[in-house]
Structures are given as structure tokens and as C-alpha cells.
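Letter by letter, the chains look like this.
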Amino acid sequence: MVGVMFEYGEACEFIGNHLMSLAASSTLSRGNVISILNFIKLLRDKYLSPENFINSIKGRKWLRTLIGDRAPSESVLFDEEWRTASQISEIPFIDKNYYGEEIALFKKELELIDVVVGFNQNYQLLVENLRSARLTSPTAEAFLLILECIRRVRSSNKLIGELKDKKCIKTTMGYKCPSECFLFNPSWGCLLRVFKSFPLINEAFYGSTLTSYKSELKELGVVVDFKDASNAFARIFERQSSSSSIGRDNVFSFLACYRKLNGTDFKFPTDLKKSIREVKWLRTRLGDYREPNKCILFGPEWESISQICLLPFIEDSDKYYGNGIREYEKELVSMGVVSEFKNAAEFVVNGLFLPQNPSSITPANIFSLLNCIRNLLQKPSYNFSDLFMKKTGKKWMKTTLAGYRSPNECLLFTSDWNTFLQPEDGPFIDEKFCGSEIMSYEKELSLLGVTMDVKSGCPLLFSHLDFHSNFTTINRIYSYLCNFNVEVIDEVSKKIWIPNGSDDGKWIKPVECVLHDKNDLFGLQVNVLEKHYEQKILNFFSNVFGVRTNPSLDDYCKLWKVWEVSGHRLTRVECCAFWGLVVKHWNQKTEKTEKQVNPHEVFIRRGLCKLILGFLADVSLKMEVERRHKAIKRLLKLTFLETLEPITVGYGLQLSSGEMLNRKAKRMIRWDREDSKFFTQKMDIISGGRKNLMEFTSYFAEVVAEGML
């Protein structure tokens, strides 16, 4: 028995070697191969060991495959399990076209000679035979197999390296290289759907099993984590905003995603937060795109201020975001958008645009602006720009007297004004129009230039005097001005109201007026202010307007001409008054040639006073002691003036015949009792001698006697 077995083994080995020698010289025919497999099958059926035979043939290259003759251990019997692998690898499948389908009947025999029969997770073989050209646009099954290879093969660097630059992944934007792809995550994937710029792996194409290969996809370079996706989103966000390409749908999609992620563990990285706040992606009503912190979300409280300002409200017309944008107020505010009016003061200051027609400005508009100013005044370091002050310097504030005026032409009628004026007396802000609330904005109005202080209002009251024609009102304004010793610089403002009844009259220049006309000579020829105004106001006219106290000599000359032309018959009283005042004014006109002297130089001494008192004590004069003392006091209070020339007095009188009668007289001494002045001609004793002295003494005695009595 042992001998037989020995001969059997040698025989099997001999047969195998013979067949291999044939294969070495030429390819074994189909029949030869089938015979070999049948022989192995026969041995197995007869329960004889084919080991010696198999060992003699399995190390030689005699099996025809699709890529040439291979040793059995290098060959694979194709079946459906290998179909997917065949799409990406060049595997040495036994050539069924050559051997026919019959070859598939010998699986066990092929397996015994080391042919790979069945896939059996033979990923290494797949990777070793990988063909780069077959990696572009693989089927879903093929790509999933690749991922499985990466997972199963210990060293997958070659495979990963081959795939890096291949468009091997199907996305929503076609096949892309792994580094261009994003794996959608239901928890935060909404961020990747804001723009159609992200190639999302087509999960519908690959099926739900794709998500189980997250690690393998990441190895390939696919973006699978929130942080990496957020940074990629930030780059796209900035690029889209730079070309103003972030449209309505993008904005709503982003805001919805922002809301979804808020409060979750998915926190935006620094770069994305920076982009959201610093790039211009929100469209405004002004037609441009701006950063969130430079935009305003419109609401009811913005209605009034929007009528006088150009503000960057987020575009909420139906053409763009519509009213739906307000549903995301919380999210927009967290990004920097302003929604509350109290936080938008600087927007108002910078965007102020007062209408050309101030009558369209409502009290609500005014208070909105004042509230913004109030908010900014609470910031210690804030300075209002020159441009803002220039804008508010227009005529837009409604007043009681002068219509619309710029703030620096307005007054605020606080309680301090009640003592002096009424609201209608000057350009006071119209409280009836604005409401009493306007009084609570003194500080804000003052910043705009509105005058609060009673004394500081004098220039404005001056400049608006000619708005009035009611004498009571004008008189009240003049009384107010008298209280502050105001000095008028503007000559145009110097005007005086001459009433003609209570509500009529005319404004005239101060030069056309005098304070007094003692003898009431001038009538309508000169505007005499004492007829209309009290002394306090007359003093004001004199000190501030420079109004003359009395008519001048020229006025008298003009008056005489008027009388002459009109044929006016002078009464004795008019004649005396006229010529007396002419003489007075004439002397005043020549005062510049006179000099004041000591009373002692004209004999007004103690002895003379005793002599005069003795004279006045004469019983025939019937003068009481008190009257005598008053007479002496009048003498002692005189101003004594000395002139080199004789004192000349001229008189002219037109007779009824038309002839003019003129007379002149010269005197050395004259006592003007009205002005308490005593005029003397300087004596020249050397040239005139005793005669001049006697003449002077005679005149002196006569003048003093007349003055005393």
C-alpha cells in the first residue's frame, strides 16, 4: 500500500511537470486547462489527494487572464462581487471569453490552486491594481468601495494620493476634487445652502451610507467639520459682498441659519464673525450696500425722523427684502444693526436733510431731532460737526412773529420773559405749534443756536422791530430793551416807531427825531418823541440811538421857511419862543469860542453877595427871606463863561408889507437863566481904559439886577 501511494504521488507530480513544460514552450490550450481542472476534480472525487499535482503547477504562469498569462495565485475568478472593483482597478480576471463559462464550474479546483475566488474583502488586491485613469467620475458604488478601501487597507496613502487631484466625487455642482467638496450636516449644513457656491456631496446619489465614511472623506480633503465649513463660508461671503452679489434669498437663508445655530454648540469662528460685521452685505433704501452697524431696521418710531433725514434703512420694499426682514430683528441687532431710535443719534446727525419747504416739518419731526441731540449730549466726548451745524442753520424753526427762522434767529419764551414781553413780541419759537414740550429742550435748542437768556435776546428783538405796527407792543419792546443798557451796533436796526393811532404809524430814522419840543413849535415838522414815549424810553433813544434832545438851529431855520411859505401868522407867544430858542441855540453854537472862568474873576465874591442881599431886603421889593436866599443860590450856581468878542444878539421880523426888519445889539454881559450860564466879554483895561470898565460895570449891574428879580 505504501509503495502504491508513493507511485501515485510521483505520477501526479510527473503529470504536473509535464504540463508545465508544455506551458513553458507554448500557451496551454483551453482544453489543457480544462483537463487540468477536471483531473483535480477527479482526484477529489476519488478521494485521492491532488496536493502533489497542485504543487507542481500552481507556481507557473499558465492561466490566461484579461491582462496576460498569470500564475494561479495571481489570478482572479470574476463574479458579481468583483464588478464594482473592476471599475477602478485592472484586476487579472481569468479570461472567460477564452475558457468559456465552463471555467466557472471549477471554483473549488481554482481555489485549490490559489486562484482568488470571491471578493472576500480583498481590498489590498484592489488597491494594488488601482488604475488612476479609472478614478475620474466613478459610480456611486465604486466611490463607496474606494472609501471602504481607505478604511480597510493599512497603508492607504497611495490611494489617497491618487484621488486628491481627481474629480472623483459627485456634488450638486458636478464631479469635483475632494478638497472642493463639502459633506452636508443636518445640524449646521444650512450655512452651506446660503449660496450656491458650495459643491455639496450628492447624498441622493451615494445613499445614506455615505455619512458613515466621514473620517475617510476628511482624509481625502472633503470639508466635513463646522469650523472648516464656516471659514470657507466666510471667504465666499466676503467675495460675494465685494461684488454686491448677496441677494434677497441669500440674506433670508443666512438669517434663518443664523437663528437656527444660535444657542447651539456650533459657534461661528472669529473670521466669520468679523466678516458678518465688517463687510457690506445689507442693501439700504439709499441704494447701496452697507455693514450691519451702518444700517437701521425701520419701525414705527422711525417714521417722523425719516421725513427730515436720509437714513440707511435696510431696504424693505417688496422689490428687495420686504416686511419679512423685520422678523429677524433679534438676529440683525446681534450683528450690529440699529433698531431702536435711541441708539441712532449719530445716524440722524450725519443724515440730516431738512426739506426745502419748512412748512412740511411737523412737531414730531422737530422732537425726534431734539431727542437725538439729547442722546449725543450725554456723550462727554462727542462734538457736533460743522456740517451738521450748517444744515441746522437753515430757516426751519416756526416762530410766532417772523414765520420760519434759523435757530440762531429764534428765542425760546421761558418764564423769565414774562416780566418783559409776550410770545408774539419777537421771533419766539411757536409754542402753540410745537406744544409745551418744547420748553423741556432748552439745552438742545441752545446748542442749535436758539437764544434763551433774556438779556441776550436784545439784538434779535432789535432786528425784528419792524415786524410790528401795534404801538403797545412796540412800546413794550422798547421798555424791555431799556432794562439791559443794550448797545446797538447795526445802524440798520436803529429805527423808531412814530404811532398814528394804536395800530398804525411809520418807522423813521433817529436823525429825524428829537426828544423834546418845549414850546410845541414844530408840530409835524419834527418827530417829537416825548409826545409818545415815557422818560425811560426817551433816555434810551438818546443814549443808544443818539436822538437829539431838542431841535437844532437848522430845524428852526427850516421851520421859519415853512411858516414863510405857508403864510402862517405868528402869535406873540410863538414869536417870543422862537427867537428866544434861536438865540439860545446860536449861543450854544458859539460856545466853542468861550472858556469857563472863576466867578471871582467877574466880581462874584462875598462882598457882592452881601450887597445883593441888602438890596433885596428893601421893604419896597416885598421879597421874603427864603426868596432872597434862592436868588443868591441861583447866582452862585451859574456857569461863568468868558469870550473875547462882544455878545451879539440879532433879531429879524417880517412885516405884513413883506419887508424884513432886522436888528442887532452888542452887549458885554448876558445871563441865560434857562441854562444857568453867565456870559461876559473879556475886558481889555490897557487899551479900553476907564471907559470900558465903567461900561462893563453898568452892564454887570443891570444884568445881575434883572436876574435877581
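Details of the structure are given in the entry above.
Starting from 1, residues in each chain are numbered consecutively following that chain's sequence as written. Reporting in this predicted model follows two pLDDT cut-offs: at least 70 for local features of residues, and 80 or more for side-chain atom pairs to be given and counted; totals over whole chains, interfaces and linings ignore these cut-offs and use all residues. Hydrogens and water are ignored here; the side-chain numbers use all heavy atoms of the structure.

**Considering the overall build of the protein chain**
Convention followed: For helices the rule is a DSSP run of H or I covering at least 4 residues; for strands it is a run of E covering at least 2, with both sets numbered from the N terminus onward. Exposure categories follow from relative accessible area, calculated using a 1.4 Å probe and restricted to protein chains: below 20% of the type maximum is buried, above 50% is exposed, and the middle band is partly exposed. Computed by Shrake-Rupley with a 1.4 Å probe, the accessible areas treat only the displayed protein chains as cover when residues are assessed.
Helices and strands together make up the secondary structure of the protein chain, namely 27 helices and 20 strands. A buried classification covers 45% of the 709 residues belonging to the protein chain. Taken as a whole, the protein chain presents about 37900 Å² of accessible surface, with 50% of it coming from carbon and sulfur.

**Quick word on the sheet that holds strand S15 (residues 595-596)**
For clarity, the threshold we go by: Here, a strand pair is defined by DSSP locating no fewer than two bridges between the strands.
Taken in spatial order, the four strands line up as S15-S16-S20-S19 in an open sheet, and their pairing is mixed. Lying at the two open borders of the sheet, with one neighbouring strand each, are S15 and strand S19 (669-672). Examined bridge by bridge, strand S16 (residues 639-643) and strand S20 (residues 677-681) share five bridges and lie parallel to one another. Paired with Thr643 across the two strands is Gln681, which belongs to S20.

**Brief notes about the environment of Lys274**
Along the chain, Lys274 falls in helix H13 (residues 270-278). Judged by its relative accessible area of 47%, Lys274 falls in the partly exposed class. Remark: the alpha-carbon pair of Lys274 and Met335, spanning 61 residues in sequence, is separated by 9.9 Å.

**Some thoughts on the nonpolar core**
Cut-off, in case you're wondering: As used in this record, nonpolar core signifies buried Ala, Val, Leu, Ile, Met, Phe, Trp, Tyr and Cys residues forming a set joined through side-chain atoms within 4.5 Å. The contact criterion used is simple: two residues touch if any of their non-hydrogen atoms lie within 4.5 Å.
Among the nonpolar cores identified, the biggest contains 42 residues, and Phe254 and Trp281 are the most heavily contacted of them. For Phe254, the contacting residues outside a window of four places in its chain are Leu191, Val194, Phe233, Phe268, Ile276, Trp281 and Met335.

**Observations regarding H13**
This is how the line gets drawn: Working definition: the arc comes from the directions between the helix axis and the C-beta atoms, pointing outward to the latter.
Residues Leu272, Ser275 and Ile276 constitute the buried set of H13. When H13 is viewed along its axis, its buried side chains cluster within an angular range of 95° and face the same direction. Packing partners of the buried residues in H13 comprise helix H11 (226-242), helix H12 (248-261) and helix H14 (329-335).

**As for the side chain of Glu315**
Quick note on the threshold: Positive residues here are Lys and Arg, negative ones are Asp and Glu, while His and the chain termini are left out of the count. Just to be clear on terms, a salt bridge is a Lys or Arg side-chain nitrogen sitting within 4 Å of an Asp or Glu carboxyl oxygen.
Tracing the chain through its elements places Glu315 in the loop between strand S8 (289-290) and H14. Arg283 provides the closest opposite charge to the buried, unpaired Glu315, separated from it by 4.6 Å. Apart from residues lying up to four places away in sequence, Glu315 is in contact with Arg283, Thr284, Arg285, Tyr320, Tyr321 and Gly322.

**Remarks on the packing of helix H21 (residues 471-482) against helix H22 (residues 535-545)**
Put simply, the rule reads: Orientation is described by lines fitted to C-alpha atoms, with helices fitted over the stretch in contact, and by angles between N-to-C directions that extend from 0 to 180 degrees. Throughout, the term roughly parallel applies to angles under 35 degrees, roughly antiparallel to angles over 145, roughly perpendicular to angles from 65 to 115, and oblique to all others. Crossing handedness: left-handed means the near helix sits turned counterclockwise from the far one by under a right angle, and right-handed means the same turn made clockwise.
Direction vectors running N to C along H21 and H22 enclose 65°, while the axes themselves pass 10 Å from each other. If you check the angle between H21 and H22, you find them roughly perpendicular. Along this stretch, H21 crosses H22, giving a crossing that reads as left-handed. Listed contacts from H22 to Asn475, Tyr478, Ser479, Leu481 and Cys482 of H21 are Lys536, Ile537, Phe540, Phe541 and Phe545.

**Re the state of the cysteines**
Note: disulfide means a covalent bond formed between the sulfur atoms of two cysteine side chains. As a reminder, the rule being used: When two cysteine sulfur atoms are found within 2.5 Å, that pair is recorded as a disulfide.
In total, this model carries one disulfide according to the counting rule given. Residue pairing for Cys190: its cysteine sulfur links by disulfide to Cys257, the two sulfurs lying 2.2 Å apart. Around the S-S axis, the bridge from Cys190 to Cys257 shows a dihedral of about 60° and counts as right-handed. On the criterion of sequence distance, the pair formed by Cys190 in the loop between strand S6 (174-176) and helix H9 (203-206) and Cys257 in helix H12 is long-range, its members being 67 residues apart. You'll find Cys190 and Cys257 in the same group, each marked buried. Take Cys309: it sits in no disulfide, and the sulfur closest to it among the cysteines is that of Cys372, at 7.0 Å. You can see Cys410 has no disulfide; the closest cysteine sulfur is in Cys434, sitting 9.5 Å from it. Judged by its relative accessible area of 0%, Cys410 is buried.

**Considerations on the packing of aromatic side chains**
The condition that has to hold: Pairing of aromatic rings covers Phe, Tyr and the six-membered ring of Trp, with a centre-to-centre limit of 6.5 Å; geometry is then stacked below 30 degrees between planes, edge-to-face above 60, and tilted otherwise. Only Lys NZ and Arg CZ are tested; either one counts as a charge over a ring when it is within 6 Å of the ring centre and within 35 degrees of the ring normal.
This model, assessed by the stated rule, comprises 49 aromatic pairs. What links up through ring pairs into an aromatic cluster is the set Phe182, Trp188, Phe195, Phe198, Phe226, Phe233, Phe237, Phe254, Tyr258, Phe266, Phe268 and Trp281. Its guanidinium or amino end placed over the ring of Tyr98, Arg64 lies 3.8 Å from that ring's centre, counting from NZ or CZ. Its end group placed over the ring of Phe298, Arg285 keeps NZ or CZ at 4.4 Å from the ring centre.

**Digging into the pairing of S16**
Along S16, four of the five residues are buried, which leaves the element largely enclosed by surrounding structure. As paired strands, S15 and S16 are joined by two bridges and run antiparallel to one another. From the neighbouring strand, Gln596 faces S16, where its bridge partner is Leu641.

**A few points about unusual backbone geometry**
Positive phi values are uncommon outside glycine, yet Asp114 reaches one of about 80°. Structurally, Asp114 is set in the loop between helix H5 (107-112) and strand S4 (116-117). With a relative accessible area of 36%, Asp114 lands in the partly exposed category. A positive phi angle is found at Ser137, which is not glycine, with a value near 55°.

**Remarks on the packing of H11 against H13**
Short version of the rule: Lys, Arg, Asp and Glu make up the charged group, whereas Ala, Val, Leu, Ile, Met, Phe, Trp, Tyr, Cys and Pro make up the nonpolar group; the residues left over, Gly among them, are polar.
Where H11 meets H13, the axes come as close as 8 Å, and the angle between the chain directions of the two elements is 25°. One way to sum up the angle between H11 and H13 is to call them roughly parallel. The way H11 lies across H13 gives a crossing that is left-handed. Here H11 contributes Ser230, Asn231, Phe233, Ala234, Phe237 and Glu238 to the contact with H13, which in turn contributes Asp271, Leu272, Ser275 and Ile276. Here the contact of H11 with H13 is built from residues that sort into five nonpolar, three polar and two charged.

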